[in-house]
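Working through the structure, step by step
Take a look at the letters that make up each chain.
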Amino acid sequence: MDIEDACAFSHYARRILVAHPEWRAGLEAAVAAPFDWAPEHAALARLADESALARELRALRMRVMLHTITRDLGRQADLGEVCAAVTTLAEVSVEAAVRVHRAALVAIHGEPVGAESGTPQPFVVAGMGKLGGAELNVSSDVDLVFLFPEDGETAGPKAVGNREFFDRLGRRVIGALNEVTADGYVFRVDMRLRPYGESGPLTIPYAALENYLITQGRAWERYAWLKARALTGAPSGELDALVAPFVFRKYLDYDAYAGLREVHRQIREQAARREARDDVKLGPGGIREIEFIVQAIQIVRGGREPALRVRGTRPALAALADRGHLPSASAETLDRAYVFLREIEHRLQYRDDRQTQTLPETDGEIDALARSAGYAAAPPLRAALDHHRQEVSRQFDAVFGVEPAAEDADDDWRAVWEAPDAGDSRSLLARAGFAEPDTLLGTLARARAGHRYVALPAQSKERFDALVPSMLAAAAANPGAAGAQPTFQRLFGLLEAVARRSAYLALVIEHPPLLPRLATLMGASAWAADYLTRHPILLDELLDARVLLQEPDWGAWRAEIARSLADAAGDAERQMDALRHFQHAQSFRLLAQDLAGTLTVERLADHLSALADVILEATLAACWTHLAGADAPPPRFAIIGYGKLGGKELGYASDLDIVFVYDIDARDPDPDATLARYSRLAQRLNTWLTSNTPAGQLYDTDLRLRPDGAKGLLATSLAAFRRYQRESAWTWEHQALTRARHCAGDTAIGAAFEAVREEILRLPRDRAKLAGEVVAMRVRMADGHPNATDRFDLKHDAGGMVDIEFVVQYLVLAHAHEHARLTGNLGNIALLHIAGDLGLVAADLAQRVADAYREYRKVQHAIRLTGAPHARVDPAPHDRRRADVAALWTCVFGAPWHPAGRTPAPSPPASDATVSGSVE
């Protein structure tokens, strides 16, 4: 489509060329490329006369529109270029108007000066809506708010107060843009988004804006300020710092749903009107619905995730998909629809430079619109339009279309809560499977009369009243293995724990599918219920079952935690919380998959161990940045994992047995200073891992496996570690080394550690002496874990897991000298198979013991999910397994370690007398 074709469709473009035929040659020469702003900036900068400015801005608008219309209709410009051209026009027009008219007022009144700072005060023009988002359409109004930092007065012969000065300047700027002259206008200006709207002052100081937003800001104004940005006068970020606390809450803002639902209702009511049916902006499935989906999620989540605080609709869609808050397919669908609808909107406005989003009524007009959009006629255009709008409506309903759960509560269940003494309540509970109705009714009556409930704010009490009946119904419908009554008690415990945090109550009410998922999870595991009650922010993870049950991606974990830490760069407290939120969220996702039966115990332990590695790596990097600076080279420092972390058998609540190892370059000019820095790094690392913050704790750590135990230095040089292992380490420390591995930090040090580890494990040993020391340590461990019951302790009793682990550790230390394969950190099951293959033990016995170990871990894990303190079971089902383990022990050591034949163990340092965590 050439210039003539563009003018054939756009009456406005034709009128411009008729009025200014001299512009045709320049347009023909320039239309192959985007609009060139450099000469326009220079021309505007030379202007100082107000009348000349008004003429030039209006002429500039016509040239920009003519160029943009021609390129867009010729399919040479995409939506981004069109929006950028119109937005840049607005920006340069506002800047020029402010500069010229301010100079004129300063010449009369002098510079406005702040009463407190004594400095000249800038005039801050905030662009709102599409202007703030840099996505103006070709016939947009510009929504502006006028601000200035401080009250005061001008420093000139005709002094006036700062507000009067800026009010005069504001009126002049509006006129420069909005006034219709013989040359037309630049932009229609809308000032209604300022505090108090049309009845409010034209310009306001920062303090007044902040006070208004805090005390009187309404839900819809959070949307208005979401895209706000300073076009003039304010340094980058200054306006954001003022407005962000109003738009975004510190944590996930579920309380916003009430306001969002009201805006949602208004949008749907507007879309349902007959006149809106053919409106591509306000009609069903229109531009407004896409914008609302994006902005609603941004408002709810932007407080926790600054990366979501992007202004444009398309960049925000990409950010939401990148962060997993919209499925990628949904984001792509919405983006395609947004581009299509905006391009149709522009063509509607190109026709006559009218601010319209409504499809024409006549056949000729809609056929012309279709041809301008690349369609042969109206029917295929309408088909494409219907497709995109249906997709948008489907996505809109997926996010906002379900009514709150509170309205669905059954009257009978509501009566149980409101009148727990009634006889009907007792019989209803019994029929629904609640084992002890009287006990439950007593609990409800005490809660209803208790201070915690009575003192709730009105809105929270209303939500609490709505949720109790819904929880009763959910527990009855989803009793799980625990049964209806324990499931409800766990749900009710969560409810009481978050009762004063209304955002969580709002979350459950506003998302009806969440409660059955919650009941299913809590009915399956008391430990899971306790974990969720301690970390209620994880309720958010239950919203999207697809994400919750998605196969973990360790690479994606690293990228996500890196982004979260970057968002909070420089703020140690926020970074510590970000690490905790991330670790808790990923652990909870694994827990959900575990309870759903999609993970084996071994695979779960792999994921939990990998998660710990990711956390350790990220924490190390963050601590080093705070200690040495963002530009410092990475430290020659590594984290070594022992025990369950080292063996990749980590559980949900496992401690981390870790050792810090460093190396100092021989060319280091100040090795003592480097050593001191690494010591501080180790201390800070441990503090970051173990401290309790408002977000909770990451891990408990055990650092006693370092050389010389608790008496030793917190961080150890690689050379000192090797020397200690060769010359001073106890046998139990070499046992622990069989399960050690490099987890995080410098990879070269990690490789060197692995070499040292293999060297130590392959040392020739006196097997008889080694056997005696291993058996003695097994006796010591048994003495530390007595079992006075007749139940079998899967872990600590004879024939249990520890026996198997000690056998494997002995086989490695006794035979790795001849068989390097045994030094691999492969896990007990794989090492048993290798020992069988090598003929160190009978292969069939090794297989049976490996199967026993796998079964023990499976049963132990299931018991832990119930919250039981010990994994003790009826011994009868495990007699065969215990016998196999005993046979293997006798095969390797010659006799059982119990109850006779105990030999005294070498006494390790007193601080390391507890070896349970280290060897295990």
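Residues numbered from 1 in each chain as written. Predicted model: local features only at pLDDT ≥ 70, side-chain atom pairs only at ≥ 80, totals over all residues. Heavy atoms only, no water.

This part covers the overall build of the protein. Along the backbone of the protein there are 41 helices and 14 strands. Taking the principal axes of its C-alpha atoms as reference, the protein extends roughly 110 × 85 × 60 Å. Considering only contacts in the protein between residues 6 or more positions apart, those separated by 24 or more positions represent 73%. When the accessible surface of the protein is split by element, carbon and sulfur atoms take 52% of a total near 37900 Å². Charge centroids of the protein, computed over 105 positive and 124 negative side chains, lie 1 Å from each other. (Helix = DSSP H or I, 4+ residues; strand = E, 2+ residues; numbered from the N terminus. Contact = heavy atoms within 4.5 Å. Areas by Shrake-Rupley, 256 points an atom, 1.4 Å probe, with all protein chains shown as cover. Lys, Arg positive; Asp, Glu negative; His and termini not counted. Charge placed at Lys NZ, Arg CZ, Asp CG, Glu CD.)

We now examine the packing of aromatic side chains. On inspection of all chains with the given rule, the structure shows 25 aromatic pairs. One aromatic cluster is present, built from ring pairs that chain together Phe123, Phe146, Phe148, Phe165 and Phe166. Over the face of the ring belonging to Trp23 we find Arg63, whose NZ or CZ atom lies 5.7 Å from the ring centre. (Phe/Tyr/Trp six-rings, centres within 6.5 Å; stacked < 30°, edge-to-face > 60°. Lys NZ or Arg CZ within 6 Å of the ring centre and 35° of its normal.)

Between helix 33 (residues 718-727) and helix 35 (residues 747-761), the shortest axis-to-axis distance is 10 Å and the interhelical angle comes to 10°. In terms of orientation, helix 33 lies roughly parallel with respect to helix 35. Within the contact between the two elements, helix 33 uses Leu718, Phe721, Arg722, Gln725 and Arg726 and helix 35 uses Ala752, Phe753, Val756, Glu759 and Ile760. Its residues placed into classes, the contact of helix 33 with helix 35 shows 6 nonpolar, 1 polar and 3 charged. (Axes fitted to C-alpha atoms, helices over the stretch in contact; angles between N-to-C directions. Parallel < 35°, antiparallel > 145°, perpendicular 65-115°, else oblique. Nonpolar A, V, L, I, M, F, W, Y, C, P; charged D, E, K, R; others polar.)

A word on the nonpolar core. Core analysis: the biggest nonpolar cluster contains 127 residues, and Leu144, Phe146, Leu147, Trp225 and Ile344 have the highest contact counts within it. Top element by residues in this core is helix 6 (residues 79-109). It accounts for 14 residues. If near-sequence neighbours (up to four positions away) are discounted, Phe146 is found in contact with Phe123, Val124, Val125, Gly170, Val173, Ile174, Met191, Leu202, Thr203 and Ile204. Counting residues in hydrophobic clusters, the runner-up holds 97 residues, among them Tyr504, Leu532, Phe588 and Leu698. (Core = buried A, V, L, I, M, F, W, Y, C linked by side-chain atoms within 4.5 Å. Buried < 20%, exposed > 50% of the residue type's maximum accessible area, 1.4 Å probe, protein only.)

Next up on the list: unusual backbone geometry. The phi dihedral of Arg75 falls on the positive side, at around 60°, and the residue is not glycine. Relative to the helices and strands, Arg75 is located in the loop between helix 5 (50-73) and helix 6. A relative accessible area of 52% places Arg75 in the exposed class. We note that Lys648 has phi near 55°; this positive angle belongs to a residue other than glycine. Topologically, Lys648 is positioned in the loop between helix 31 (643-646) and strand 9 (656-662).

Among the structural elements, Thr693 can be located in the loop between helix 32 (671-690) and strand 10 (701-702). In this structure Thr693 comes out as buried when scored by relative accessible area, which is 17%. A distance of 2.6 Å separates the side chain of Thr693 from the side chain of Asp577, its partner in a polar contact. For Thr693, the contacting residues outside a window of four places in its chain are Met576, Asp577 and Arg580. (Polar contact = N/O pair within 3.5 Å; in protein donor to acceptor, adjacent residues only side chain to side chain.)

Glancing now at the environment of Phe146. Locating Phe146 in the fold gives a position in strand 3 (residues 142-148). Sequence separation between Phe146 and Thr203 is 57 residues; the distance between their C-alpha atoms is 4.9 Å.

Quick look at the packing of helix 20 (residues 437-449) against helix 23 (residues 484-497) now. At their nearest, the axes of helix 20 and helix 23 sit 11 Å apart, and the two run at 10° to each other. In terms of axis orientation, helix 20 runs roughly parallel to helix 23. Facing helix 20, whose interface residues are Pro437, Thr439, Leu440, Thr443, Leu444 and Ala447, helix 23 presents Gln485, Phe488, Phe492 and Glu496. Among the residues forming the contact of helix 20 with helix 23, the class breakdown is 6 nonpolar, 3 polar and 1 charged.

Moving on to helix 38 (residues 828-837). Residues spaced three or four apart along an α-helix face the same direction, because each turn holds 3.6 residues. For helix 38, the buried fraction is high: 7 of the 10 residues fall into the buried class. Listed as buried for helix 38 are Asn828, Ile829, Leu831, Leu832, Ile834, Ala835 and Gly836. Packed against the buried residues of helix 38 are helix 30 (601-628), helix 37 (801-815), helix 39 (843-865) and helix 40 (879-893).

Right, let's get into the pattern of salt bridges. Tallied over the full model, the rule gives 48 salt bridges. Between Asp353 and Arg61 there is a salt bridge whose closest N-O contact spans 3.0 Å. Pair noted here: Asp353 is in the loop between helix 15 (328-352) and helix 16 (363-372) and Arg61 is in helix 5, with a separation of 292 residues, a long-range link. Each member of the pair, Asp353 together with Arg61, is buried. Linked through salt bridges whose partners overlap, the residues forming this network are Arg636, Asp663, Asp665 and Arg667. (Salt bridge = Lys/Arg side-chain N within 4 Å of Asp/Glu carboxyl O.)

Before going further, it helps to spend a moment on the environment of Ala97. Mapped onto the elements, Ala97 comes out in helix 6. Looking at Ala97, the relative accessible area reads 0%, which means it is buried. With residues up to four places along the chain from it excluded, the contact list for Ala97 reads Leu53, Arg102, Val173 and Ala176.

What follows concerns the confidence of the model for the protein. Mean pLDDT over the protein: 90, with 94% of residues reaching 70 or higher. Scored below 50 in pLDDT, residues 404-409 makes 15 contacts in the model with residues more than four places away or belonging to other chains. Note that pLDDT drops below 50 for residues 900-920; the model gives that stretch 51 contacts with residues more than four away or on any other chain. (pLDDT = per-residue confidence, 0-100.)

Here the focus is helix 30. Taking 1.5 Å as the rise per residue, helix 30 with 28 residues should run 40 Å; its terminal C-alpha atoms sit 40 Å apart, in good agreement. Judged by how many residues are buried, helix 30 sits mostly within the fold: 20 of 28 residues are covered. Remark: Gly629 follows helix 30 within two positions and exhibits a positive phi of approximately 100°. (Expected span 1.5 Å × (residues − 1).)

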